[in-house]
Protein chains: 2
Amino acid sequence: MVDNIINNFTTVDNSSLVDKVEANLVELLQNRKLKVGDVIPKEIELVETLGVSRTVIREALARLRTMGLIESKKKKGSVITSPDIFGIMSKSMNPHILDQETLKEIFEIRLVLEIGMADFIFQKITKEDINELKEIVKNEPLSSESHLFNIDHEIKFHGKLYEITGNKTMKTFQRMLLPIFDYVHNSGLLQKQLEQKKFVSHKGLVDILENGSPELFRNAMRNHLENHFARLIMSAENVG
Amino acid sequence: MVDNIINNFTTVDNSSLVDKVEANLVELLQNRKLKVGDVIPKEIELVETLGVSRTVIREALARLRTMGLIESKKKKGSVITSPDIFGIMSKSMNPHILDQETLKEIFEIRLVLEIGMADFIFQKITKEDINELKEIVKNEPLSSESHLFNIDHEIKFHGKLYEITGNKTMKTFQRMLLPIFDYVHNSGLLQKQLEQKKFVSHKGLVDILENGSPELFRNAMRNHLENHFARLIMSAENVG
DNA sequence: TAGTTTTGTTATGTCATACATAATACATCA
DNA sequence: TGATGTATTATGTATGACATAACAAAACTA
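Notes on the structure follow. Values in this document were obtained by computation on a predicted structure and should not be read as measured data.

Thresholds applied
- Residues numbered from 1 in each chain as written.
- Chains lettered and ligands numbered in written order.
- Predicted model: local features only at pLDDT ≥ 70, side-chain atom pairs only at ≥ 80, totals over all residues.
- Heavy atoms only, no water.
- Axes fitted to C-alpha atoms, helices over the stretch in contact; angles between N-to-C directions.
- Helix = DSSP H or I, 4+ residues; strand = E, 2+ residues; numbered from the N terminus.
- Parallel < 35°, antiparallel > 145°, perpendicular 65-115°, else oblique.
- Left-handed = near helix turned anticlockwise from the far one by under 90°.
- Contact = heavy atoms within 4.5 Å.
- Nonpolar A, V, L, I, M, F, W, Y, C, P; charged D, E, K, R; others polar.
- Expected span 1.5 Å × (residues − 1).
- Buried < 20%, exposed > 50% of the residue type's maximum accessible area, 1.4 Å probe, protein only.
- Near = heavy atom within 4 Å.
- Polar contact = N/O pair within 3.5 Å; in protein donor to acceptor, adjacent residues only side chain to side chain.

Concerning the packing of helix 8 (residues 127-138) of chain A against helix 11 (residues 202-211) of chain A
Residue and element names in this part refer to chain A. Following both chains from N to C, one finds helix 8 and helix 11 inclined at 165°, their axes separated by 10 Å at the closest point. Relative to helix 11, the element helix 8 is oriented roughly antiparallel. For the element pair helix 8 and helix 11, the recorded crossing hand is left-handed. The residues of helix 11 that touch helix 8, namely those facing Ile 130, Leu 133, Lys 134 and Val 137, are His 202, Lys 203, Val 206, Leu 209 and Glu 210. Within the contact of helix 8 with helix 11, the residues separate by chemical class into 5 nonpolar, 1 polar and 3 charged.

Set out below in structure tokens:
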């Protein structure tokens, strides 16, 4: 009996005014199918239409702005923008704040991406790309002297691979994840380097890109990243 | 002469007060290496320390809040939270707003992920998972009757694969991308279905999961997604 | 008349103050 | 003691004022 009464109260709307206005505005964007560049109503108009103070309107607009949905210009008002989805994310990508489990998962995603990219790389790669890769590899520090491998160089090589896919979003994604990788490498989150047993070197990967197939490349990349995998698995076992 | 003078003025920082305060706060989070749950200074304290109005402080805090970096409670103040990075992103994941190029790129990322996942799936998959997949496949509509293939069913099957990886972040990522896929499928963004030539069916994938290897699975998945690839490539050619 | 400067208008950015509201700690009373 | 009311505190909302940038129209000069 009492439970029923209580349950009737659980639907109390807990959201703040700003939440509602925000939802309202987002809905406006979605339903009206507004295009990039379209302007949305002025603050004052919204104040009158929605019946709340300018403070509330402004905070709601501020949210859309930080989400990259709109951009505000003096005099002109607020216009819809094509959000840089990962740009927003990158601000919250603070390795110090993300918990370790998430960090590890993000690291996994990187590995997944690089193996899965093979098809697109082969589809898009040009002669110039291969030459550029060769150039990068040429300047590669010897594996013997890089016990803790040269992370800058890693980024350069693998970054180029992302570039070749021609997928800007994916490239942005990688750039965003870089601080994470850096952090994960420097932290104790991964097992310390086993031995540096890269069955397939960067040079080997380039060779395959030149003469091989996506299938070969996937397996080679899998091998190349063997260390990372091994370390991830081990630390997972330590945790679990 | 005049040019020099002018040039001296070009370094005027264009950022608003809020921008500066925001940067200040983010830096605070990063440098002080604050942990989740730590409280940050009260609004009033920040007003006094930084010498700006509460309005500015509040908007900066609002930004951190929408980025999921902090959470504000009455009386208690603002505490640092572990941000749900993809949760934030999903709000700006409005297919109507994202431009077509980005949409296509996101779709590509999906394909890349699913091919690259193979290793993790094999590493984590259990007997129960396989049984569950079999169950899903059993209820599969016949491919003959699903000219435009059953998207709900696709999501169910592929979603389960994401789940098996045990990578919650990746799963979240997928969930976030679903509206995009839905939209891309229903839009004219992809070539209309060629013929439904799936060399490898869902059932075939399950068989491989049970008896095959990651390498086999990757190739099978590549094949399975052949339609998507073909359509992406074609529409890319149309554009380019 | 063409081109430049000035002025005015408009919408966002910032400030200040007051009050509302929720959460907590403290005091009060049965 | 333990439930209940009350004070305090920090965020939430409202309002009014002024600052500033962008743009447009008017005014002015060559």
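Focus on helix 4 (residues 54-66) of chain B
Residue and element names in this part refer to chain B. With 13 residues, helix 4 extends 18 Å from end C-alpha to end C-alpha; this agrees with the ideal 18 Å at 1.5 Å per step. Where helix 4 is concerned, the buried positions are Val 56, Ile 57, Glu 59, Ala 60, Leu 61, Ala 62, Arg 63, Leu 64 and Thr 66. Where helix 4 ends, the next residue or the one after it, Gly 68, has phi of about 80°, a positive value.

Examining the packing of helix 9 (residues 151-164) of chain B against helix 11 (residues 202-211) of chain B
Residue and element names in this part refer to chain B. Across the interface, helix 9 lies against helix 11 with an axial gap of 12 Å and an inter-helix angle of 15°. Classified by the interaxial angle, the pair formed by helix 9 and helix 11 is roughly parallel. Helix 9 and helix 11 meet at a crossing whose hand is left-handed. Taken together, the residues of helix 11 that come into contact with helix 9 (itself represented by His 153, Glu 154, Phe 157, His 158 and Leu 161) are His 202, Leu 205, Val 206 and Leu 209. Residues that form the contact of helix 9 with helix 11 fall into these classes: 5 nonpolar, 3 polar and 1 charged.

Concerning the protein's contact with DNA strand D
In the neighbourhood of DNA strand D, 20 residues make up the surrounding shell, with A:Ser53, A:Thr55, A:Val56, B:Arg54 and B:Lys75 lying closest. Those atoms of DNA strand D that come within 4 Å of the protein belong to sugar or phosphate at a rate of 66%. Here A:Ser53 contributes a side-chain N or O atom positioned 2.8 Å from a phosphate oxygen of DNA strand D. In this structure, a base nitrogen belonging to DNA strand D sits 3.0 Å away from a side-chain N or O atom of B:Arg54.

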